[in-house]
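Topology and contacts: notes
Residues per chain, in single letters:
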Amino acid sequence: AERQLQRPIFKPTDCQFGRFNRRMSIPISIRLIKWMRFSPHAMSLLLIGLGLCAGWLFSRGTYASGVLAALISVAASILDGCDGELARLQYKDSRLGCWLDTLGDYIYYFAIFIGLAIGISRTSHSDFLWWAGMALLLGMCLTFALLILLRWRITSGRPERLRTTTKAHFYGTGKRWAWLMARLSNCATRATMPYGILGFAVLGAVPVLILGGGDG
C-alpha cells in the first residue's frame, strides 16, 4: 500500500536530477510523517530559511562559505520535493501550500543570486561584476512577475500545474526549437541548478554564474 501511495509522487515532468532527488526526498518525507506528522507548510518555511542561509553564506565571498552555501543549496534542492510529498501523502493538498511553495522558489532564487553578487563584488572589487549582478536581479524580477501572472492565468490558481502545462505546449508544437527550449528549461530548475552551482563553487568559478546570468 505504501508503494502504491509513493508511485504517483514521481512526476512525468521530473528531469534526471528531479528523479534523483525524489529517491532521497520520498524516504525523508515518509519518516517525517511517521515520526511527527510533519506539516508541509512547516517544510516550506524551512526551505525558505535554507535558501536565505545559503544566500547569506554566498554574500561572505570566501571559498569555504561559497562551497558550504552550495552544499546547503543542494540539500534544499533535495528537500524541495518534501513539502509536496508531505501534503499528498497526508492528503493535505491546498492552494495555500502551492503558493507557499512557489513563494519559496522565488525567495530561493533571489537569495542565491543576490548573495552571489554581493560576495563576488566584495572579493573582486569589480564594478562590472556588481552591475552584472544588478542586471541579473532586474531580469529575475521581471521574469518572476511574468511567471506569477502566467501561473495564475493558465493554471486556474494551481501553480504546480505550470511546468506540466508549458512543457506539453512546447512538445506539442512539433518544432525542434520548442523541444530544445523545453529541454534547456531543466537547467534553471531547483532540481538541477544547485548541482551546477556546487560544481562552480568547488572549482572557484562562481563569477561565471553572474557573468552568464547578467549577459542573458
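For the structure, see preceding data.
Here goes a summary of the coordinates provided. Here the structure is a predicted model, which is why all the values come from computation and not from measurement.

For the rest of this paragraph, the subject is the overall build of the protein chain. Helix and strand counts for the protein chain stand at 11 helices and zero strands. Listing the helices and strands of the protein chain from first to last along the sequence gives α-α-α-α-α-α-α-α-α-α-α. Relative to its 216 residues, the protein chain shows a buried fraction of 43%. Looking at the protein chain alone, contacts between residues at least 24 apart form 74% of all its contacts between residues at least 6 apart. Within the structure as shown, the protein chain displays about 12,000 Å² of accessible surface, and the carbon and sulfur contribution to it stands at 67%.

Here we come to the packing of aromatic side chains. The geometry of two aromatic rings is summed up by the distance between their centres and the angle between their planes. Following the criterion strictly, the structure yields two aromatic pairs and no others. With a centroid separation of 6.3 Å and an interplanar angle of 70 degrees, the aromatic rings of F20 and Y195 are classed as edge-to-face. Within this pair, whereas F20 is found in helix α2 (residues 16-36), its partner Y195 is found in helix α10 (residues 193-202), the two being separated by 175 residues in sequence. Of the residues examined, F20 reaches a relative accessible area of 42% and is grouped as partly exposed. Ring geometry for Y108 and Y109: centres 5.4 Å apart, planes at 65 degrees, overall edge-to-face. Relative accessible area serves as the criterion here: at 13%, Y109 is assigned to the buried category.

A few words on the packing of helix α3 (residues 40-60) against helix α6 (residues 95-124). At a minimum axis separation of 6 Å, α3 and α6 run at an interaxial angle of 10 degrees. Our classification of the angle between α3 and α6 gives roughly parallel. Looking at side-chain class alone, the contact of α3 with α6 contains 12 nonpolar, nine polar and three charged residues.

This brings us to the pattern of salt bridges. Counted according to the given criterion, the structure contains one salt bridge. One salt bridge connects R22 with E85, and the closest N-O pair in it is separated by 2.9 Å. Within this pair, whereas R22 is found in helix α2, its partner E85 is found in helix α5 (residues 82-89), the two being separated by 63 residues in sequence.

Not every positive phi belongs to a glycine, and R37 is a case in point at roughly 50 degrees. With respect to the secondary-structure elements, R37 resides in the loop between α2 and α3. R37 gets classed as exposed once you look at its relative accessible area, which sits at 58%.

On to the nonpolar core, then. One finds F58, I112 and I197 to be the most contacted residues of the largest nonpolar core, which totals 21 residues. Broken down by secondary-structure element, the contributors of at least two residues to this core are α3, α4 (63-79), α6 and α10. Setting aside its immediate chain neighbours within four residues, I112 contacts G51, A54, G55, F58, S73 and I197. Ranked by size, the runner-up nonpolar core spans 11 residues in total, among them I26, I30, A76 and C82.

We now examine the environment of R60. Structurally, R60 can be placed in helix α3. Among the residues examined, R60 registers a relative accessible area of 45% and is labelled partly exposed. C-alpha of R60 to C-alpha of R122: the two residues are 62 residues apart in sequence and 7.8 Å apart in space. Setting aside residues up to four positions removed in sequence, R60 forms contacts with S65 and R122.

Rules behind the numbers
- Residues numbered from 1 in each chain as written.
- Predicted model: local features only at pLDDT ≥ 70, side-chain atom pairs only at ≥ 80, totals over all residues.
- Heavy atoms only, no water.
- Helix = DSSP H or I, 4+ residues; strand = E, 2+ residues; numbered from the N terminus.
- Buried < 20%, exposed > 50% of the residue type's maximum accessible area, 1.4 Å probe, protein only.
- Contact = heavy atoms within 4.5 Å.
- Areas by Shrake-Rupley, 256 points an atom, 1.4 Å probe, with all protein chains shown as cover.
- Phe/Tyr/Trp six-rings, centres within 6.5 Å; stacked < 30°, edge-to-face > 60°.
- Axes fitted to C-alpha atoms, helices over the stretch in contact; angles between N-to-C directions.
- Parallel < 35°, antiparallel > 145°, perpendicular 65-115°, else oblique.
- Nonpolar A, V, L, I, M, F, W, Y, C, P; charged D, E, K, R; others polar.
- Salt bridge = Lys/Arg side-chain N within 4 Å of Asp/Glu carboxyl O.
- Core = buried A, V, L, I, M, F, W, Y, C linked by side-chain atoms within 4.5 Å.

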